[in-house]
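# A structural walkthrough
Residue strings, one per chain:
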Amino acid sequence: MGTADGRPRVSLREWAGYRFDRTLARSTGTLMGWLVITCLAIVVPVSTLLVWTDPGSPRSLSGRLTAAWRTSAETLRLGAASGTPLRLVLSALLGLVALLCVSTLVGVITTGLAERLAELSRGRSTVLEQGHVLVLGWSDQVTTVVGELVAAQAPRRPRVIVVLADRDKAEMEQVLAAQVGPAVRTRIICRSGPASDPDVLALVSPRAASTVLVLPSTEPTADAEVLRVLLALRAVLGEGADGPSVLAAVRDDRYRAPARLAAGPRGTVLETDLVTARLIAQCVGRPGLSLVLRDLLDFAGDEFHLADATAFQDGPFGATLLGHPNSCVVGVLTPDGRTLLNPPADTVVGPGSRLIVLARDDDSTRVGDCGHLVDDSVIVAAPSERDGPTRLLLLGWNRRAPLVVRQLRRTARPGSFVDVLTDSVVPGPREPEYGTPEHGTPNDGTPEHGPPAGPDVRFRSAALSRPETLLGLDLGPYDGLVVLGPDGGAGPDHPDDWTLVTLLALRLLEERTGREVRVVTELIDDRNRPLAPVNTASDVIVSGMLTGLLMAQIAQNRHLAPLFDELFSAEGSDVCLRPAGTYVRPGAEATFATVVAAARDRGECAIGYRRHDGRTGRADQGIRLNPSKSERHVWSAEDHVVVVARDRDLPTAPSEPADTTEEADATTTAAVRPRHGQPAD
């Protein structure tokens, strides 16, 4: 209801509350005055009532008033003296002074504790740890990196992991606790602040850390921020060679060289977009490869380690392949720090070299001759069939798409072609055709002269966001599909939303036509991987998670950076899945040592297999890495062997001399490359 002039009626309670709030807002003295009035309004009447109802109280009025004063004074701790008015005033004054001092002391202690707790909650206190792993920045990879470091096998597991990012400390702790889980033997410490500020960076003791990881955010300026963090780290650590190993990640190739310079002599820089593009290109035509790579990179099972090679010193590398019953040898780390991945079998293992092995942990590798386990009668001697030209359809476009196309051009067979179908206009000009007269160099396929003459790339545009467009695609001419979602921040939706809708439409199209097509797709969030509606012959690559796994592996052993560089590059040796019938007769029962021997004769290193039988579970998808050499298996025509091999059909770059100078380092074009001159621990 309102008043006669239309204004709303205000109740007496609302008006009194409003006036009271205005009085409190004036000053601290006003607040104290109201506190005194409230206390007296309650204490004095109640004390008087207690005296008047006490049978033993004085009979006279003055005596009762004195007793009421004493009761009130004792309640308020103002003193209990009686007598002349001057004594009463002095007693009350002393009580007020004592109350003020005690209250001030309590207030100071409470304020100090509150400020200290607030500072701790803001994450601005100093970290005094030794040998900890320091993670700078916050991105999609942080939970993967921290989770893998926690899951690492002892003694590789770090005792303390410190995360410094410009985010709320409590929020970071909640995210890590929810996605990483409880860390039983590892403490996770979060600190809040800009890692590009040297004063803030000094709070987390980077000089005392064993490894420093710099993660790029999802912002457009992420690479520039990584460069600023590396410069701040350089300012705190100095420019000497001493200090922790530094591992940084950038997305754009233009920032890789400056980042490597800022990271210093113990720095390694990972170009995430190029690594993702290489993984996508490698998975095309190799069903199940993404599962193998995921298993290789995480710490839940077997991973790459360095093992002593004294027992094989001055002997051929081929002898090491059957010299370890419970681990798989894939290469050699020379004393000068060079990595030889899948070298020829007659390569001599020199003094001081170490073997690169796939094993459960550092201490599980043991030496033992497995030659007696080889059954030569089941080994297939016929050469394997070469793959023919591939016909690919690429749906979607993002910042990694040009790199994917470039990698496909480097790995495709002659006669292949790639059709690119985008949702908008044709994505810019094609890559320059190296070897044309304006470039003045022949196209010989070497890195100096650009990419080799690859498949024909044709661009088209269509409304891919409309289901009828996807359902109207003719998949008959294509051997495989590559689906790339939009970049994060390109629209209001999550990038994986469009990808999942596209995969669902392709699945429906497969059911209509009765023909399954191999699909290689990229997702951003690993939680969406189980939701992807793809067939068993398809691969789902979670780019952020695989990059985080790779960073965790290199963080634990930086000498493995060249190994992963070659595994994920277009040249050199990489991980392949090849039919088991290439190595042993289908239907024959043989040990894994027999498969290793057959692969060795072909210049390859067998590291596992993928079975396709009724025992294939959803958890491992039939993948078995690093089985015991004595493990027996009935090999079917559908089984595949996981090998580290060189694709002989692809053009190879001319061999480079073993140069460890800075000049040679400046010309390398790898995605993962440590600074040369690093000692081999």
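Structure first, text after, so check above.
For the structure given in this document, a descriptive report is provided here. (Residues numbered from 1 in each chain as written. Predicted model: local features only at pLDDT ≥ 70, side-chain atom pairs only at ≥ 80, totals over all residues. Heavy atoms only, no water.)

## Let's talk about the overall build of the protein
For the protein, the helix and strand inventory stands at 19 helices and 23 strands. By the burial criterion, 47% of the 681 residues in the protein qualify as buried. Restricting to contacts in the protein with at least 6 residues of sequence separation, those with at least 24 account for 75%. When the accessible surface of the protein is totalled, it reaches about 33000 Å², and 56% of it is carbon and sulfur. (Helix = DSSP H or I, 4+ residues; strand = E, 2+ residues; numbered from the N terminus. Buried < 20%, exposed > 50% of the residue type's maximum accessible area, 1.4 Å probe, protein only. Contact = heavy atoms within 4.5 Å. Areas by Shrake-Rupley, 256 points an atom, 1.4 Å probe, with all protein chains shown as cover.)

## Comments concerning helix H15 (residues 495-513)
Compared with the 27 Å implied by 1.5 Å per residue over 19 residues, the 28 Å span of H15 between its first and last C-alpha is a close match. Of the surrounding secondary structure, the elements contacted by the buried residues of H15 are strand E11 (391-395), helix H14 (467-471), strand E14 (480-483) and strand E15 (518-523). Where H15 ends, the next residue or the one after it, Gly 514, has phi of about 75°, a positive value. (Expected span 1.5 Å × (residues − 1).)

## Here we look at the side chain of Thr 334
Examined against the element boundaries, Thr 334 turns out to sit in the loop between strand E8 (328-333) and strand E9 (339-341). Among the polar contacts made by the side chain of Thr 334, one reaches the side chain of Asp 336 at a distance of 2.3 Å. (Polar contact = N/O pair within 3.5 Å; in protein donor to acceptor, adjacent residues only side chain to side chain.)

## Concerning the sheet that holds strand E13 (residues 456-461)
Taken in spatial order, the six strands of this open sheet run E13-E12-E11-E14-E15-E16, and their pairing is parallel. At either margin of the open sheet sits one strand with a lone partner, and together these are E13 and strand E16 (539-542). Direction aside, neighbouring strands of the sheet carry axes that sit 15° apart on average. Those strands touched by H15 are E11, E14 and E15, and its axis lies near 165° from that of E15. (Pairing = 2+ DSSP bridges. Axes fitted to C-alpha atoms, helices over the stretch in contact; angles between N-to-C directions.)

## A look at the nonpolar core
In terms of nonpolar packing, the biggest core is built from 134 residues, with Val 163 and Phe 304 touching the most fellow members. If one sorts the elements of this core by residue count, helix H16 (residues 543-556) sits on top with eight residues. Sequence-distant contacts of Val 163, defined by excluding residues within four places in its chain, comprise Val 135, Trp 138, Val 142, Val 146, Met 172, Leu 176, Ile 189, Cys 190 and Arg 191. Listed in part, the 27 residues of the second largest apolar core include Val 160, Leu 164, Ala 209 and Val 250. (Core = buried A, V, L, I, M, F, W, Y, C linked by side-chain atoms within 4.5 Å.)

## Topic: the packing of aromatic side chains
One pass over the full model with this rule turns up five aromatic pairs. Taken together, a centroid distance of 6.4 Å and an interplanar angle of 45° make the contact between Phe 592 and Tyr 609 tilted. Taken together, the residues span a long stretch of sequence, with Phe 592 in helix H18 (residues 592-601) and Tyr 609 in strand E19 (residues 605-610) at a distance of 17 residues. Overall, the relative accessible area of 0% leaves Phe 592 in the buried class. Grouping aromatic residues by their ring pairs yields a cluster made of Phe 592, Tyr 609 and Trp 635. The residue whose ring lies beneath Arg 458 is Phe 417, and the NZ or CZ to ring-centre distance is 4.5 Å. Sitting above the plane of the Tyr 583 ring, Arg 602 keeps its charged end 5.7 Å from the centroid. (Phe/Tyr/Trp six-rings, centres within 6.5 Å; stacked < 30°, edge-to-face > 60°. Lys NZ or Arg CZ within 6 Å of the ring centre and 35° of its normal.)

## A closer look at the pairing of E15
Side-chain positions along a regular strand alternate between the two faces of the sheet. With respect to burial, E15 is a largely interior element, five of its six residues being buried. Pairing between E14 and E15: four bridges, direction parallel. Within E15, the position partnered with Val 483 by the bridge is Thr 521. Inspection of the sheet shows E15 paired to E16 by four bridges, in the parallel sense. By the bridge assignment for E16, Thr 521 is matched with Val 540.

## Structural notes on the sheet that holds E9
Across the sheet, which stays open at both edges, the four strands sit in the order E7-E10-E8-E9 with antiparallel pairing between neighbours. Edge positions in the sheet fall to strand E7 (303-308) and E9, since each has one partner strand and no second. Taking the axes of each pair of neighbouring strands and ignoring which way they run, one obtains an average angle of 35° across the sheet.

## Structural notes on the pattern of salt bridges
All chains considered together, the criterion is met by 27 salt bridges. Taking the shortest distance from any N to any O, the salt bridge between Arg 400 and Asp 273 comes out at 3.7 Å. You can see Arg 400 sitting in the loop between E11 and helix H13 (401-411) and its partner Asp 273 sitting in helix H10 (residues 272-283), a full 127 residues away along the chain. Note on Asp 273: relative accessible area 5%, which makes it buried. Look at the salt bridges and you will find they share partners, linking Asp 273, Arg 399, Arg 400, Asp 487 and Glu 522 into a network. (Salt bridge = Lys/Arg side-chain N within 4 Å of Asp/Glu carboxyl O.)

## Section: the pairing of E7
Buried residues dominate E7, accounting for five of its six residues. Note: E7 against strand E10 (residues 354-359), six bridges, orientation antiparallel. By the bridge assignment, Leu 306 is partnered in E10 with Ile 356.

## A word on the packing of H10 against H13
One way to put it is that H10 packs onto H13 with a least axis distance of 8 Å and a crossing angle of 45°. In terms of their interaxial angle, H10 and H13 are classed as oblique. For the pair H10 and H13, the sense of crossing is right-handed. Facing H10, whose interface residues are Asp 273, Leu 274, Ala 277, Arg 278, Ile 280 and Ala 281, H13 presents Leu 403, Val 404, Gln 407 and Leu 408. For the contact of H10 with H13, a count of residues per class yields seven nonpolar, one polar and two charged. (Parallel < 35°, antiparallel > 145°, perpendicular 65-115°, else oblique. Left-handed = near helix turned anticlockwise from the far one by under 90°. Nonpolar A, V, L, I, M, F, W, Y, C, P; charged D, E, K, R; others polar.)

## What about the state of the cysteines?
Counting across every chain of the model gives zero disulfides. The thiol of Cys 605 is not disulfide-bonded; the next cysteine sulfur, from Cys 328, is found 9.1 Å away. (Disulfide = S-S within 2.5 Å.)

## Things to note about helix H11 (residues 289-297)
Taken together, the buried positions of H11 are Leu 289, Ser 290, Val 292, Leu 293, Leu 296 and Leu 297. Along the long axis of H11, the arc covered by the buried residues comes to 160°, so they all point the same way. (Arc of directions from axis to C-beta.)

## Notes on the environment of Ala 412
Its location among the elements puts Ala 412 in the loop between H13 and strand E12 (417-422). Residue Ala 412 is classed as buried on the basis of its relative accessible area of 19%. With 21 residues separating them in the primary sequence, Ala 412 and Arg 391 have C-alpha atoms 9.4 Å apart.

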